[in-house]
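# Results of the structural survey
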Amino acid sequence: QEEKPAAAPAPEAQVSLSPEEQAMVDQFAQKIDITNSQQVLQYGSACQKKIGDFSEAALSKVSTKDLGEVGEALSDLVVELKNFGKDEEKKGGLFGFFQKKRNELEAMKASYAKAEVNVDKIVRVLEDHQVVLMKDIAMFDQMYELNTKYYKELTMYIIAGKKRLEYLRSNDLVQLREKAAQSGTQE
C-alpha cells in the first residue's frame, strides 16, 4: 500500500476570523445566489482586482537596483591605490634624483587627494543607497500588511462560498431531488 502525502491545509484553516468577520462571512454566504450566473462569474472579482492592483504597484516600485556607480568608484580607488608610489619618471644625475623625489612627493600628494575624493564619492553614493533601502523597507512593510489584508479577505470569500455550497447541497438540492422524484421530470 502506498502512503498518500498529506494535503496542504485549506486557507480557511490557516486564518482565524474575529466574531465580526465570521458574522460578515455568514451574511455574505446567505446573499450568494447561484441561479444568477452574472453574480457567480463576478464572485470575488473585487478582491481579485485589489490583489491585481497590489501586484502592479509592487512590481512598479520594485526595480533592479545595481551598485554600478559604487562599483565603478571602488574600482577606480583600487587602481589608484595599486599605482600609489610607482615611479613615473626616470632622470639621471643628482639633480634628476632630487627632481624625481620631488615628483614622487607631488604624485603621492595627488594620489592621496584623488583617493580621498573617491572615498568621499563612495560615502555619498552609499548614503544615498542607504536612504533608498530604508524607503524600500518601509514600502515592503506596507506591502506585507496589504498582502495579509487581501489574503484574509480572499479567505473570507472562500469560506462564504463553501458555506453557501454546503447549505445548498444539504437543503435546496435535497428539495429539488425530492421534487424531481415526485414529478418524474428531468427539470
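Model, not experiment: these values are computed from the prediction. (Residues numbered from 1 in each chain as written. Predicted model: local features only at pLDDT ≥ 70, side-chain atom pairs only at ≥ 80, totals over all residues. Heavy atoms only, no water.)

## Comments concerning the overall build of the chain
Looking only at helices and strands, the chain has 6 helices and 0 strands in total. Ordered by position from N to C terminus, the α and β elements of the chain give α-α-α-α-α-α. Residues classed as buried in the chain amount to 18% of the 187 residues present. Put simply, 86% of the contacts in the chain that link residues at least 6 apart link residues at least 24 apart. Summed over its atoms, the accessible surface of the chain is roughly 14900 Å², and 57% of this surface lies on carbon and sulfur atoms. (Helix = DSSP H or I, 4+ residues; strand = E, 2+ residues; numbered from the N terminus. Buried < 20%, exposed > 50% of the residue type's maximum accessible area, 1.4 Å probe, protein only. Contact = heavy atoms within 4.5 Å. Areas by Shrake-Rupley, 256 points an atom, 1.4 Å probe, with all protein chains shown as cover.)

## Overview of the side chain of Thr-155
You can see Thr-155 is positioned in helix H6 (residues 93-183). Here Thr-155 falls in the buried class, since its relative accessible area comes to 1%. Within the local environment of Thr-155, its side chain forms a polar contact with the backbone oxygen of Tyr-151, the two atoms lying 2.8 Å apart. (Polar contact = N/O pair within 3.5 Å; in protein donor to acceptor, adjacent residues only side chain to side chain.)

## Some words on the packing of aromatic side chains
Within this structure, the stated rule accounts for 3 aromatic pairs. Judged by centre distance (5.4 Å) and plane angle (85°), the rings of Phe-28 and Tyr-157 are edge-to-face. Of this pair, Phe-28 sits in helix H2 (residues 19-31) while Tyr-157 sits in helix H6, and the two are 129 residues apart along the sequence. Residue Phe-28 is classed as partly exposed on the basis of its relative accessible area, which comes to 31%. Taking relative accessible area as the criterion, Tyr-157 reaches 18% and is therefore assigned buried. Pairwise contacts between aromatic rings join Phe-28, Tyr-43 and Tyr-157 into one cluster. (Phe/Tyr/Trp six-rings, centres within 6.5 Å; stacked < 30°, edge-to-face > 60°.)

## Digging into the pattern of salt bridges
Enumeration according to the criterion identifies 4 salt bridges in this entry. Two residues, Lys-163 and Asp-26, come together in a salt bridge whose shortest N-O distance is 2.6 Å. Of this pair, Lys-163 sits in helix H6 while Asp-26 sits in helix H2, and the two are 137 residues apart along the sequence. The class of Asp-26 is partly exposed, set by a relative accessible area of 30%. Across the pair Lys-49 and Asp-53 runs a salt bridge whose closest N-O atoms are separated by 3.2 Å. With a gap of 4 residues between them, Lys-49 and Asp-53 both fall in helix H4 (residues 45-61), about one helical turn apart. Among the residues examined, Lys-49 registers a relative accessible area of 53% and is labelled exposed. When its relative accessible area of 43% is taken as the criterion, Asp-53 is described as partly exposed. (Salt bridge = Lys/Arg side-chain N within 4 Å of Asp/Glu carboxyl O.)

## Points about the nonpolar core
The tendency in soluble globular proteins is for nonpolar side chains to be buried as a group. Among the nonpolar cores identified, the biggest contains 8 residues, and these are Val-15, Leu-17, Val-25, Ala-29, Ile-32, Met-156, Ile-159 and Ala-160. Elements with a contribution of two residues or more to this core: H2 and H6. Examining the composition of this core, we find that 3 residues originate from one element, H6, more than from any other. (Core = buried A, V, L, I, M, F, W, Y, C linked by side-chain atoms within 4.5 Å.)

## Considering H2
Counted at 1.5 Å a residue, the expected span for H2 with its 13 residues is 18 Å, and the 19 Å between its end C-alpha atoms agrees. Looking at H2, one finds that the buried residues are Glu-21, Val-25 and Ala-29. Angularly, the buried residues of H2 cover 80° about the axis, an arc narrow enough to put them on a single face. Relative to its buried face, H2 has exposed residues pointing more than 90 degrees away, namely Pro-19, Glu-20, Gln-30 and Lys-31. (Expected span 1.5 Å × (residues − 1). Arc of directions from axis to C-beta.)

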